[in-house]
Amino acid sequence: MSGAGGGRGGGSPAPQRAAPWSLVATTTTAALCLVTATSLWTAGAAPMTREEKQRLGNQVLEMFDHAYGNYMEHAYPADELMPLTCRGRIRGEEPSRGDVDDALGKFSLTLIDSLDTLVVLNKTKEFEDAVKKVLRDVNLDNDVVVSVFETNIRVLGGLLGGHSLAIMLKEKGEYMQWYNDELLQMAKQLGYKLLPAFNTTSGLPYPRINLKFGMRKPEARTGTETDTCTACAGTLILEFAALSRFTGATIFEEYARKALDFLWEKRQRSSNLVGVTINIHTGDWVRKDSGVGAGIDSYYEYLLKAYVLLGDDSFLERFNTHYDAIMRYISQPPLLLDVHIHKPMLNARTWMDALLAFFPGLQVLKGDIRPAIETHEMLYQVIKKHNFLPEAFTTDFRVHWAQHPLRPEFAESTYFLYKATGDPYYLEVGKTLIENLNKYARVPCGFAAMKDVRTGSHEDRMDSFFLAEMFKYLYLLFADKEDIIFDIEDYIFTTEAHLLPLWLSTTNQSISKKSTNSEYIELDDSNFDWTCPNTQILFPNDPLYAQSIREPLKNVVDKSCPRGVIRVEESFRSGSKPPLRARDFMATNPEHLEILKKMGVSLIHLKDGRVQLVQHAIQAASSIDAEDGLRFMQEMIELSSQQQKEQQLPPRAVQIVSHPFFGRVVLTAGPAQFGLDLSKHKETRGFVASSKPYNGCSELTNPEAVMGKIALLQRGQCMFAEKARNIQNAGAIGGIVIDDNEGSSSDTAPLFQMAGDGKDTDDIKIPMLFLFSKEGSIILDAIREYEEVEVLLSDKAKDRDPEMENEPQSADQTASGPQEGDGESPEDSSLNSLSESSSPATSDNAAPSQQDSEPIKSKGYVRFDDECTYFDEDEEQSETEEDSKQDSKPLHPIVADWKEDMKAIRELQKEMMKKKGEL
């Protein structure tokens, strides 16, 4: 998947570079050498039996049927399924999710994205029916603004993948005999609709386009953007070139090549890295940080795969040049950390995003197995800790962004590592992925994205890439060659895992293969020998090779007192001491103060006892010291930001455990600053009942209905604490306050915690949680349909008990109050505090008085001790919140006279926040 939310994949490992550049592949097939080691396995991982593989493969088929069937039943022809509410997501009819919605074009996205998956999973009859539905129902002429990138990889790629397998099936003579290139004609129509986006001086496309009006103003409602991400402009060549080769219309390949050529020319020449965001008119880098994750990822992928598909060795030359830079600067085994393109020895951030999980698979395609094994194992350890890969996690493997939209990149890399090694260890990894999906993400109407991997709460979304990629890679992982009705090695995967035939390399070749104005550097690296990788090289006569690489990483996530990565170059620079790190700094240490002075950092003692740090690079003793100072300030920002979250309460979970949910539906809930702390006690479980009056602001008139149950209340008219006392007096064992703002949702609004009433609240002994309107309506709808609904209030979702589904339940048997016990508090999450108004005359939407509202604050102090300190991870904040903080007061304890590089860091964080849903 890409930085803007697409997918990625690869066919078979390609040959590597030779020096000089003398060999040009005349056919792509001849250039492919799949690394297979089916006879090898590591000790401790016995070969999986054929029966077990077949069982898991069948389980993947059943899971796909559950997801695809619910989409077709409850959502089609909408673009995507909303699995919690069992309905389709139609753009404009649901609250906007920002850039995430740019993938939706009212063109039945999930159906198109799933076409070739149906064939891979041997569902040829369903494929034929799906193609007929696409031809009958899908309209590509909608007045809607869509992402050029997402539309290319998901819709154009889906149509081309469907066409590729349709003609294959037609040639076999059983299915699709009526097919006459109709999908290809739709792809061509869509290709022409995307072309106006390339009307820029650079040849880089605008990031968005109107399907009906193109870029024509004002009808298009787009065309004012100046920036695009590198992946957005550099992930076009496979689909556009395939469209040209299929149709003979060369314009598509020409436009995609021009965009790639421009990105290559604009690379930073000293580091050979590219930035994340570029100005489409001037070619200036807007964000100068560089990595292999969000915003850049599939640009690198498409350079290598363009060589594989098109047989043009200039793409391989470019890829190898970039790859050398990646391994020099970004790769810090087993981590992959973003750096600055102008200062590649300086890390741009101390966390990684989930999209980089594709990179081990790309390294397999390149033939560089060792670092692929290392990074994959590190990611697997993170997954084993959190069940899924968080959207972002820190260098010490703590959650940075807690969402997980069921991304397939890790499954992709697992598949390619298994293909390269034959190691059954990776089959066990795939088995874990299947179990986690069924255990934590499966809901009655499909599979729901994880809103928070720590609590297990769900988000009402099931992205199309989940069906396009996840099930494809998992099925192929467990399938033998005879299980697939065609030879998968005759195709290459696009970034969305769509299949394009390798014979396109020799079809309609009318584009010049060699760019005459490109410069390439001869790389003295044995990694680039032009030889097909083979098991004798990758596993030098030692079946324990892969295990020996993984073994040192087995406990990397759970190590106590983790430390950040220190580069070898830094540690041994001219024999000097390593530079001072923010985590080690002590304001009372004279030696540390002297180091700060050398780095151009000034320390100012404030009247309230805090310290303020300011850096002026010009005052540093040398350019190297200035770089160290800049990094020190960056680390201090991260440290301060993390510590500011320590006093905040984490989100809670409301889990519906009664029939027919059985724990599959988990709702994100806001905690209260009073009442039973669910992080320190066992969960509260009971049936729910509505209180009367529903607002809970006076003595309940139906105490018998809420006695021993969890009371449902509506927000408004009085303080939260007053509601809690009233239902507690009526005998309720807990309370859930539901927002009265219709349509509010944790998907679009920041979560908050309920504040007290300014008085002593120690008398409140029951747990209280808050649900937005959308999440609350799920419980209310369940009550209307099933009458008795049982829920679990906890700090995080509990594992489902399979026996629950077979046991009869009643309110008398299962309602239980708070249970005492020990429990650990999950990592903190960013919450906004909210308090009920004190009188009916004051609306909840009005600004609460100071005594009513207790916003979450931290004192802004940074602990400067020499002990091992664990910090709670950051959650994203809106741009307006971020900007208002910066404008109203300085960050404590740091106020920086930031120049270009630090501005880039802030922009990076904002961009990731905006695109966190589909990075």
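Our subject is the structure listed above.
Residues numbered from 1 in each chain as written. Predicted model: local features only at pLDDT ≥ 70, side-chain atom pairs only at ≥ 80, totals over all residues. Heavy atoms only, no water.

Trainee: Explain the state of the cysteines here, please?
Mentor: Defined simply, a disulfide is a covalent bond joining two cysteines at their sulfur atoms. For the structure on display, the rule yields three disulfides. One disulfide bridge connects Cys-86 with Cys-445, the sulfur atoms lying 1.9 Å from each other. Given an S-S torsion of about 95°, the disulfide between Cys-86 and Cys-445 has right-handed geometry. Taken as a pair, Cys-86 in the loop between strand S1 (80–82) and strand S2 (87–89) and Cys-445 in the loop between strand S15 (442–443) and strand S16 (446–447) lie far apart in primary sequence, 359 residues in all. Relative accessible area serves as the criterion here: at 28%, Cys-86 is assigned to the partly exposed category. For Cys-445, a relative accessible area of 6% translates into the label buried. (Disulfide = S-S within 2.5 Å. Helix = DSSP H or I, 4+ residues; strand = E, 2+ residues; numbered from the N terminus. Buried < 20%, exposed > 50% of the residue type's maximum accessible area, 1.4 Å probe, protein only.)

Trainee: Whenever I open this one, helix H14 (residues 409–421) confuses me. Can you help?
Mentor: Helical geometry: 3.6 residues make up each α-helical turn, so side chains three or four residues apart lie on a common side. Compared with the 18 Å implied by 1.5 Å per residue over 13 residues, the 18 Å span of H14 between its first and last C-alpha is a close match. Burial of H14 is extensive: 12 of the 13 residues sit out of reach of the surface. Restricting attention to buried positions, one finds in H14 the residues Glu-409, Phe-410, Ala-411, Glu-412, Ser-413, Thr-414, Tyr-415, Phe-416, Leu-417, Tyr-418, Ala-420 and Thr-421. (Expected span 1.5 Å × (residues − 1).)

Trainee: Would you explain the nonpolar core in this entry?
Mentor: Inside soluble globular proteins, nonpolar side chains tend to come together where they are buried. Core analysis: the biggest nonpolar cluster contains 181 residues, and Leu-437, Phe-447 and Phe-486 have the highest contact counts within it. In terms of residue count, helix H5 (residues 148–172) provides more of this core than any other element does, 12 residues in total. Grouped together as the second largest cluster of nonpolar side chains are 25 residues, Phe-661, Leu-712, Ile-736 and Leu-771 included. (Core = buried A, V, L, I, M, F, W, Y, C linked by side-chain atoms within 4.5 Å.)

Trainee: Would you take a moment to explain unusual backbone geometry for this structure?
Mentor: The phi angle of most residues is negative, glycine excepted, and most peptide bonds adopt the trans form. Here the residue pair Tyr-76 and Pro-77 is connected by a cis peptide bond, since its omega of 10° sits within 30 degrees of zero. Looking at where Pro-77 falls in the secondary structure, it is placed in the loop between helix H1 (50–75) and S1. Backbone geometry at Ser-108 places phi at a positive 50°, although glycine is not the residue there. Locating Ser-108 in the fold gives a position in the loop between S2 and helix H2 (109–113). Phi is positive for Asp-181, which is not a glycine, with a value near 65°. Looking at the secondary structure, you find Asp-181 in the loop between H5 and helix H6 (182–194). Owing to a relative accessible area of 29%, Asp-181 belongs among the partly exposed residues under this scheme.

Trainee: I tried to follow the pairing of strand S30 (residues 790–794) on my own but got confused; where do I start?
Mentor: On a regular strand, one side chain projects to one face of the sheet and the next to the other, so that they alternate. When you tally the buried positions in S30, you get five out of five residues, the bulk of the element. Burial along S30 is two-sided: Glu-790, Leu-792 and Ser-794 facing one way and Val-791 and Leu-793 facing the other are all buried. Two strands pair when backbone bridges link them, and strand S25 (residues 684–690) and S30 are joined in this way by four bridges, in the antiparallel orientation. Paired with Gly-686 across the two strands is Val-791, which belongs to S30. (Pairing = 2+ DSSP bridges.)

Trainee: Would you take a moment to explain the environment of Lys-217 for this structure?
Mentor: For Lys-217, the position within the fold is in the loop between strand S4 (208–210) and strand S5 (227–229). What makes Lys-217 exposed here is its relative accessible area of 53%. Excluding its chain neighbours within four sequence positions, the residues that come into contact with Lys-217 are Thr-222 and Gly-223. (Contact = heavy atoms within 4.5 Å.)

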